[in-house]
Structures are given as C-alpha cells and as structure tokens.
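# Survey of secondary and tertiary structure
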Amino acid sequence: QVQLVESGGGLVQAGGSLRLSCAASGRTFSRCTMGWFRQAPGKDREFVSAVRWSEGTSYYSDSVKGRFTISRDIAKNTVYLQMNSLKPEDTAVYYCAADTSPWVTQTLSEYDYWGQGTQVTVSS
C-alpha cells in the first residue's frame, strides 16, 4: 500500500524558511514524478513543484520559482521542499503527491497518490 507522509509544516514569519518532507513507501518510485501542491482556504489546490524521481529534473510554478527548491533522497525514499523567503500568500496546506505516468504534469488529476497534507502558515 502506497503511503506518502508529509511533515515539516508550521508557523513562520514572512521572510523565513521551512523545509517540508514527504516520506514515500509501498512501491518503487523510480519511474514516478513526485509533486508538491498546496491549497489555501477557499481556493483550489494548485501545483507548486515536481521532480522526476530518477533523473532529478525539477519544475516550479511561477509563484515559487527562485524561492522554493525541490529535491529527493533516493536512499531515504523522501522528497523535500525547501521554502525560503516565505510570504503570507504561501499560507496553505501543502500536499505531497506521486504520479506514476512517464511524463511530468502539473495537473492535479494525473497524480495517483496523495499524502494527508501539512499546514504552512506565514505571518506578516
């Protein structure tokens, strides 16, 4: 059974940093894309970043490019999202997701597995 477990969320002041972790288990992820999405209150869930597990190629939304960095530790089966220069508009529940298709997508519905989410709150 595939499990994605996020951790690392919390409360931080604007300009601060957080690192989210996503521990993955239950299958081989070598041909997967691992993504981070977020959902703010009253808004749709949106793409934040993704990484191809095997190649390490990364992708970012325009809103976080230059501030967030996605990475993965293959030995630990864990994906990270380093978030720097945080803004109040980054406040959301952040979700880790896995897409088993061979291409990279930002489309929510293409992702097969989801974590339970972790809250990130950025105060002004």
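As a reminder, the structure under discussion sits directly above these lines.
Structural notes, computed from the coordinates. Position labels on residues start from 1 in each chain and follow its written sequence. For a predicted model such as this one, the threshold for reporting local features is a pLDDT of at least 70, and the threshold for listing and counting side-chain atom pairs is 80 or more; totals across whole chains, interfaces and linings nevertheless cover every residue. Hydrogens are left out, water is left out, and the side-chain values use all remaining heavy atoms of the structure.

## Examining the overall build of the protein
Stated precisely, the cut-off is as follows: Each helix is a run of DSSP H or I of at least 4 residues and each strand a run of E of at least 2, with the numbering of both proceeding from the N terminus. Throughout, the radius of gyration refers to the C-alpha atoms, and the reference size of a globule is 2.2 Å times the residue count to the power 0.38. Residue exposure (1.4 Å probe, protein chains only): buried if accessible area is under 20% of the type maximum, exposed if over 50%, otherwise partly exposed. Contacts are residue-level and defined by heavy atoms, with any inter-residue pair within 4.5 Å sufficient. All accessible-area figures derive from a Shrake-Rupley calculation using a 1.4 Å probe, and residue coverage is judged against the displayed protein chains alone. The convention is simple: Lys and Arg are positive, Asp and Glu are negative, and His and the chain ends are not counted. Just so you know, the charge point we use is NZ for Lys, CZ for Arg, CG for Asp and CD for Glu.
From N to C terminus, the protein includes zero helices and eleven strands. Traced from its N-terminal end to its C-terminal end, the protein shows the element sequence β-β-β-β-β-β-β-β-β-β-β. Computed over C-alpha atoms, the radius of gyration of the protein comes to 13 Å, within 12% of the 14 Å expected from 2.2 N^0.38 for 124 residues, which places it in the range of a compact globule. Principal axes of the C-alpha set define a box for the protein whose edges measure 40 × 30 × 25 Å. Relative to its 124 residues, the protein shows a buried fraction of 44%. For the protein, the share of sequence-separated contacts (at least 6 apart) that also reach a separation of at least 24 residues comes to 57%. By element, 45% of the accessible surface of the protein is carried by carbon and sulfur atoms, the whole surface being about 6200 Å². Once the 12 positive and 11 negative side-chain charges of the protein are each reduced to a mean point, those two points are 5 Å apart.

## A few points about the sheet that holds strand E3 (residues 18–25)
Keep this limit in mind: The pairing criterion for strands is at least two bridges between them, as found by DSSP. Fitted lines through C-alpha atoms serve as axes, helices being fitted only where they are in contact, and the angles separating the N-to-C directions of these axes extend from 0 to 180 degrees.
Strand order in this open sheet of four strands is E1-E3-E8-E7, and the pairing throughout is antiparallel. Two strands bound the open sheet, and with one partner strand each, they are strand E1 (3–7) and strand E7 (68–73). Direction aside, the axes of adjacent strands within the sheet are offset by 15 degrees on average. As judged from the five bridges shared by E1 and E3, these two strands associate in the antiparallel manner. From the neighbouring strand, Glu6 faces E3, where its bridge partner is Cys22.

## Observations regarding the packing of aromatic side chains
Basically, it comes down to this: For this analysis, a ring pair means two rings from Phe, Tyr or Trp (six-membered ring only for Trp) whose centres lie within 6.5 Å, classed as stacked if their planes differ by under 30 degrees, edge-to-face if by over 60, and tilted for the remaining angles.
As enumerated under the stated definition, the model contains six aromatic pairs in all. Relative to Phe47, the ring of Phe37 lies with its centre 5.7 Å away and its plane at 80 degrees, an arrangement referred to as edge-to-face. Of the two residues, Phe37 sits in strand E4 (residues 33–39) while Phe47 sits in strand E5 (residues 46–52), which places them ten residues apart along the sequence. Neither residue differs from the other here; Phe37 and Phe47 are each classed as buried. On the numbers, 6.5 Å between centres and 75 degrees between planes, the contact of Tyr95 with Trp114 is edge-to-face. Remark: Trp114 occurs in strand E10 (residues 113–114) and Tyr95 occurs in strand E9 (residues 92–99); sequence separation between them is 19 residues. With relative accessibility at 13%, the residue Tyr95 sits in the buried group. You can call Trp114 partly exposed: its relative accessible area is 27%. Pairwise contacts between aromatic rings join Phe37, Phe47, Tyr95, Tyr111 and Trp114 into one cluster.

## A look at the side chain of Thr105
Short version of the rule: Under the rule applied, a polar contact is a pair of N or O atoms within 3.5 Å (in protein, one hydrogen donor and one hydrogen acceptor; residues adjacent in sequence only if both atoms are side-chain atoms).
In this structure, Thr105 sits in the loop between E9 and E10. When its relative accessible area of 10% is taken as the criterion, Thr105 is described as buried. A distance of 2.9 Å separates a polar atom in the side chain of Thr105 from the backbone nitrogen of Thr107. When near neighbours in sequence (up to four residues on either side) are disregarded, Thr105 contacts Phe47, Asp99, Glu110 and Tyr111.

Without other data, these values stay purely geometric and don't point to any function.
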